[in-house]
Amino acid sequence: EAAVTQSPRNKVAVTGGKVTLSCNQTNNHNNMYWYRQDTGHGLRLIHYSYGAGSTEKGDIPDGYKASRPSQENFSLILELATPSQTSVYFCASGAGGNNQAPLFGEGTRLSVL
Amino acid sequence: GDSVTQTEGQVALSEEDFLTIHCNYSASGYPTLFWYVQYPGEGPQLLFRASRDKEKGSSRGFEATYDKGTTSFHLRKASVQESDSAVYYCALSGQGTGSKLSFGKGAKLTVSP
């Protein structure tokens, strides 16, 4: 069964600390995405990838890095976390092609204190 | 750039009421349009999509028709149930963007028994 798994599901971090959010997909999809979800803003794209070794900036990349070491894994890295990065983060994978619907994970709730 | 506008942030209905959630988009050419639904504690999941002018997408009693003339993809359901309570997102994938979705801000539907 197609799946996107995120870890951790919940994370509390301190301001200035480093945070890594992980995502694994078993769908053999080329494309992977990181979104953040905030009330009043919906879902906004942070970074995405077209395959292993590639990362691209989305609409709101500042303060975030991404890493795609393999087809299955895509990480979001906050080198110096700030309270404004408190949010719910969603990873998704997609086959590519603009009529393909990405499949989402269950989300990671991050609080930066 | 591509964008999606949802005007209703909150929608409160009673069971068996008719539902309309408005979605308008801005994009060149023929983007693919999506409706996603998100239940509490879960990631967004695809409700349905449409790729061509006048195409109707539908699922679980929900439907929307792609209208290029009015750049709209409004979500409708004839008779809502309490179990339909969720957040509904309209999204688009522009031509040549490889399933990179732009989302609206979402509409939270609450249905009372």
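This text follows the structure it describes.
Since this is a predicted model, take the numbers as computed values, not measurements.

Colleague: Would you mind going over the overall build of chain A with me for this structure?
Modeller: When you go through chain A residue by residue, the secondary structure sums to zero helices and eleven strands. Taken over the C-alpha trace, chain A has a radius of gyration of 13 Å; the compact-globule value for 113 residues is 13 Å, and the two agree within 12%. Its C-alpha atoms give chain A principal-axis dimensions of about 40 × 30 × 25 Å. Within chain A, the fraction of its 113 residues that count as buried is 51%. In chain A, once contacts between residues fewer than 6 apart in sequence are set aside, the share between residues at least 24 apart is 54%. Counting every atom, chain A has about 5,200 Å² of accessible surface; 48% of that belongs to carbon and sulfur. Of the side-chain charges in chain A, 9 are positive and 8 negative, and the distance between the mean point of each set is 7 Å.

Colleague: Explain the layout of surface pockets here, please?
Modeller: Rolled over the atoms, a probe sized like a water molecule indicates the empty space that remains. Of the pockets and cavities examined, the largest pocket occupies roughly 700 Å³. Forming the walls of the largest pocket are 33 residues, and the residues nearest its centre are Gln-37 and Thr-39 of chain A together with Gln-38, Val-87 and Tyr-89 of chain B. Counting residues per element, the ones that place at least two in the lining of the largest pocket are strand E4 (31–38), strand E9 (87–94) and strand E11 (108–112) of chain A together with strand E10 (86–93) and strand E12 (107–112) of chain B. Broken down by element, the residue count for the lining of the largest pocket peaks at four residues, all from E12 of chain B. Residue composition of the lining of the largest pocket, by class: nine nonpolar, 16 polar and eight charged. Taken as a whole, the second largest pocket encloses approximately 210 Å³ of empty space. Lining the second largest pocket are 15 residues, with His-41, Leu-43, Arg-44 and Asp-59 of chain A together with Phe-103 of chain B positioned closest to its centre. Counting residues per element, the ones that place at least two in the lining of the second largest pocket are strand E5 (42–49) of chain A together with strand E1 (3–5) and strand E11 (101–103) of chain B. In the lining of the second largest pocket, the residues fall into seven nonpolar, four polar and four charged.

Colleague: It is not clear to me how the nonpolar core should be interpreted in this structure. Could you clarify?
Modeller: What tends to happen in soluble globular proteins is that the nonpolar side chains get buried as a cluster. Among the nonpolar cores identified, the biggest contains 27 residues, and Trp-35, Phe-73 and Tyr-88 of chain B are the most heavily contacted of them. Going through the elements one at a time, strand E2 (10–14), strand E3 (19–21), strand E5 (32–38), strand E6 (45–50), strand E8 (62–65), E10 and E12 of chain B are the ones with two or more residues in this core. Take this core: its biggest share by element is four residues, from E10 of chain B. Sequence-distant contacts of Phe-73 of chain B, that is, excluding residues within four places in its chain, are made with Cys-23, Leu-33, Phe-34, Trp-35, Phe-48, Arg-49, Ala-50, Ala-64, Thr-65, Tyr-66 and Cys-90 of chain B. In terms of nonpolar packing, the next biggest core, distinct from the first, is built from 18 residues, Met-32, Phe-74, Ala-81 and Leu-110 of chain A among them.

Cut-offs and rules
- Residues numbered from 1 in each chain as written.
- Chains lettered and ligands numbered in written order.
- Predicted model: local features only at pLDDT ≥ 70, side-chain atom pairs only at ≥ 80, totals over all residues.
- Heavy atoms only, no water.
- Helix = DSSP H or I, 4+ residues; strand = E, 2+ residues; numbered from the N terminus.
- Rg over C-alpha atoms; globule rule 2.2 N^0.38 Å.
- Buried < 20%, exposed > 50% of the residue type's maximum accessible area, 1.4 Å probe, protein only.
- Contact = heavy atoms within 4.5 Å.
- Areas by Shrake-Rupley, 256 points an atom, 1.4 Å probe, with all protein chains shown as cover.
- Lys, Arg positive; Asp, Glu negative; His and termini not counted.
- Charge placed at Lys NZ, Arg CZ, Asp CG, Glu CD.
- 1 Å grid on protein atoms, 1.4 Å probe; cavity = no way out; pocket = protein on both sides within 12 Å on 5 of 7 lines; lining within 4 Å.
- Points joined across faces, edges and corners; volume = space filled by probe spheres on them.
- Nonpolar A, V, L, I, M, F, W, Y, C, P; charged D, E, K, R; others polar.
- Core = buried A, V, L, I, M, F, W, Y, C linked by side-chain atoms within 4.5 Å.

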